[in-house]
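Coordinate analysis (summary)
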Amino acid sequence: MRSLQRYNPGPGVADFWDYLRRPQPYRWPILMASTLPALAILLWAGSEARTKEPERPKVTYISTLAADRSDEEIMAENLANQEKQDKLRDERAVIEARKRELYRTLGSATGIDVETMEREAVAERAREEAAKAARREEILANRVKPGAADAAERDED
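Keep in mind that this is a model prediction, so the values were computed, not measured.

Let us now look at the confidence of the model for the protein chain. This prediction gives the protein chain a mean pLDDT of 84; 87% of its residues lie at or above 70. At the low end of the mean pLDDT range in the protein chain sits helix H6 (residues 150–153), at 52; at the high end sits helix H4 (residues 71–110), at 92.

Structure (structure tokens):
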């Protein structure tokens, strides 16, 4: 705490104010002459207005795909990817069915009402699927159509 008292600007400001209040014949000219360089630098720096045109963005396209692919090649690749996704989805479904069977066996062994819980789970999955389908339909109904007449084609009441 003692070292902070050495950096107290209060006494310095008070001394400066006492010095300025003393009657001196050249007080105001000296004050103006001492502030003039700082003001000149600030005015000069503030008046600099250099604007340059922003650089054009560098667009990087997907470089892992050949640029000269035909539409048939693209469609074939998309179909192969879709088959892969379907296979993964089927594998996940088999795993989920196996998990449900194991939980059903565990529930039966511990005396839990498995049929009621299964009906609730099926109803819950159906509600989730219905919510996803409704959200998908809402997005597709409200999507922005490309082109200049977007707003004219959309129904906004």
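Turning next to the packing of H4 against helix H5 (residues 114–141). Axis separation between H4 and H5 bottoms out at 10 Å; the angle between their running directions is 150 degrees. One way to sum up the angle between H4 and H5 is to call them roughly antiparallel. Crossing geometry of H4 relative to H5 is assigned as right-handed. For the pair formed by H4 and H5, the contact residues are Arg100, Arg104, Gly107 and Ser108 on the first element and Val114, Glu118 and Arg125 on the second. Residues belonging to the contact of H4 with H5 are distributed by class as follows: 1 nonpolar, 2 polar and 4 charged.

The rules we used
Residues numbered from 1 in each chain as written. Predicted model: local features only at pLDDT ≥ 70, side-chain atom pairs only at ≥ 80, totals over all residues. Heavy atoms only, no water. pLDDT = per-residue confidence, 0-100. Helix = DSSP H or I, 4+ residues; strand = E, 2+ residues; numbered from the N terminus. Axes fitted to C-alpha atoms, helices over the stretch in contact; angles between N-to-C directions. Parallel < 35°, antiparallel > 145°, perpendicular 65-115°, else oblique. Left-handed = near helix turned anticlockwise from the far one by under 90°. Contact = heavy atoms within 4.5 Å. Nonpolar A, V, L, I, M, F, W, Y, C, P; charged D, E, K, R; others polar.

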